[in-house]
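# Examination of the molecular architecture
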Amino acid sequence: MGHHIDAIIGKAPINEEKAKAYGLAIAYELGYAIVILDWDSVLYWSCKLNLSCDSTIEDLDWDCELIHYFARELNFIDYALIKTDYFGGMGDQYASLYKNGICVWHGYHINTALEGIGVISNMGMDEFDTINLGEYRNSEHYYWDGKYNFALKRTNMIAGKIFKD
């Protein structure tokens, strides 16, 4: 099974009203908010807010002006940006770690970024598994319309929404 997500992860609580206003999909795990990002949503808000969605880091989609704006709006101080793209164990992952809005690390180990925001591995699991990231497999599933939105089946999530002009 594949794993294809882009997300902003930081400590909860967050400004849920802002998250809902932007239609962002949010999962809550062990005191962390996982803001799952979707291409259509990011492109829409980039145009609407006139903020760039061009990444400053080649290996990480959306380490960009818009996503850092979202992080501030949601009240994240320290946060990780992550990307996974693999199927059957083959593929990539990448992350960056921000402290007070400044990138202090980026590289190929998501667990390093998660540790940097305070995730403590638990019972022999790594940080990725500790906050249950393996359960969130494909970003777009949390932005689908109607009953097909995977977030609606989880009590720990806010469903994302794609806006159209």
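The preceding data block contains the structure.
Report on the accompanying structure. (Residues numbered from 1 in each chain as written. Predicted model: local features only at pLDDT ≥ 70, side-chain atom pairs only at ≥ 80, totals over all residues. Heavy atoms only, no water.)

## Let's talk about the pattern of salt bridges
Tallied over the entire structure, the rule returns five salt bridges. Taking the shortest distance from any N to any O, the salt bridge between Lys-20 and Glu-16 comes out at 4.0 Å. Placement of both Lys-20 and Glu-16 in helix H1 (residues 16-21) is noted, with a separation of four residues, approximately one turn of the helix. For Lys-20, a relative accessible area of 45% puts it in the partly exposed group. Across the pair Asp-78 and Lys-99 runs a salt bridge, and its minimum N-O distance is 3.8 Å. (Salt bridge = Lys/Arg side-chain N within 4 Å of Asp/Glu carboxyl O. Helix = DSSP H or I, 4+ residues; strand = E, 2+ residues; numbered from the N terminus. Buried < 20%, exposed > 50% of the residue type's maximum accessible area, 1.4 Å probe, protein only.)

## Here's the deal with the sheet that holds strand S1 (residues 2-11)
Across a sheet, paired strands are connected by hydrogen bonds in the backbone, their directions being either parallel or antiparallel. In space, the seven strands of this open sheet follow the order S6-S5-S4-S1-S3-S2-S7, with antiparallel pairing throughout. Each having just a single partner strand, strand S6 (102-107) and strand S7 (157-158) make up the two edges of the open sheet. Inspection of the sheet shows strand S4 (residues 78-87) paired to strand S5 (residues 90-99) by ten bridges, in the antiparallel sense. Paired with Thr-84 across the bridge in S5 is Gln-93. Where helix H3 (residues 65-73) meets the sheet, its contacts fall on S1, strand S3 (32-37), S4 and S5, and the angle it forms with S4 comes to roughly 130°. (Pairing = 2+ DSSP bridges. Contact = heavy atoms within 4.5 Å. Axes fitted to C-alpha atoms, helices over the stretch in contact; angles between N-to-C directions.)

## Observations concerning helix H2 (residues 39-49)
Each turn of an α-helix holds 3.6 residues, which means side chains three or four residues apart point in the same direction. Those residues of H2 lying buried are Ser-41, Val-42, Tyr-44, Trp-45 and Ser-46. Here the buried face of H2 lies against H1, S3 and H3. Structurally, the start of H2 carries an N-cap: the backbone nitrogen of Asp-40 is 3.0 Å from a side-chain oxygen of Asp-38. Trailing H2 by a residue or two, Asn-50 shows a phi angle of about 55°, which is positive. (Polar contact = N/O pair within 3.5 Å; in protein donor to acceptor, adjacent residues only side chain to side chain.)

## So, the packing of aromatic side chains
What the rule picks out here adds up to 14 aromatic pairs. Aromatic pair Tyr-22 and Trp-45: ring centres 5.0 Å apart, planes at 90°, arrangement edge-to-face. Here the residue Tyr-22 occupies a position in the loop between H1 and strand S2 (25-29), and Trp-45 occupies one in helix H2, the gap between them amounting to 23 residues. Like Trp-45, Tyr-22 is buried. Pairing Trp-45 with Phe-163 gives two aromatic rings, centres 5.4 Å apart and planes at 75°, and the pair type is edge-to-face. You can see Trp-45 sitting in helix H2 and its partner Phe-163 sitting in the segment after S7, a full 118 residues away along the chain. On the basis of relative accessibility, which here comes to 9%, the residue Trp-45 falls in the buried class. Linked through ring pairs, Tyr-22, Tyr-44, Trp-45, Tyr-69, Phe-70 and Phe-163 together constitute an aromatic cluster. (Phe/Tyr/Trp six-rings, centres within 6.5 Å; stacked < 30°, edge-to-face > 60°.)

## Quick look at H3
Of the residues making up H3, those classed as buried are Leu-66, Ile-67, His-68, Phe-70, Ala-71 and Glu-73. Those residues of H3 that are buried lie in contact with S1, H1, S3, H2, S4 and S5. Two residues or fewer after H3 comes Asn-75, characterised by a positive phi angle close to 75°.

## What about the pairing of S4?
Counting buried positions along S4 yields seven of ten residues, so the element is predominantly enclosed. As paired elements, S1 and S4 share nine bridges and run antiparallel to each other. Residue pairing across strands places Ile-5 opposite Thr-84, the latter belonging to S4. Connecting S4 to the antiparallel partner S5 that follows it, the hairpin turn spans two residues, and Gly-88 within it adopts a positive phi of roughly 60°.

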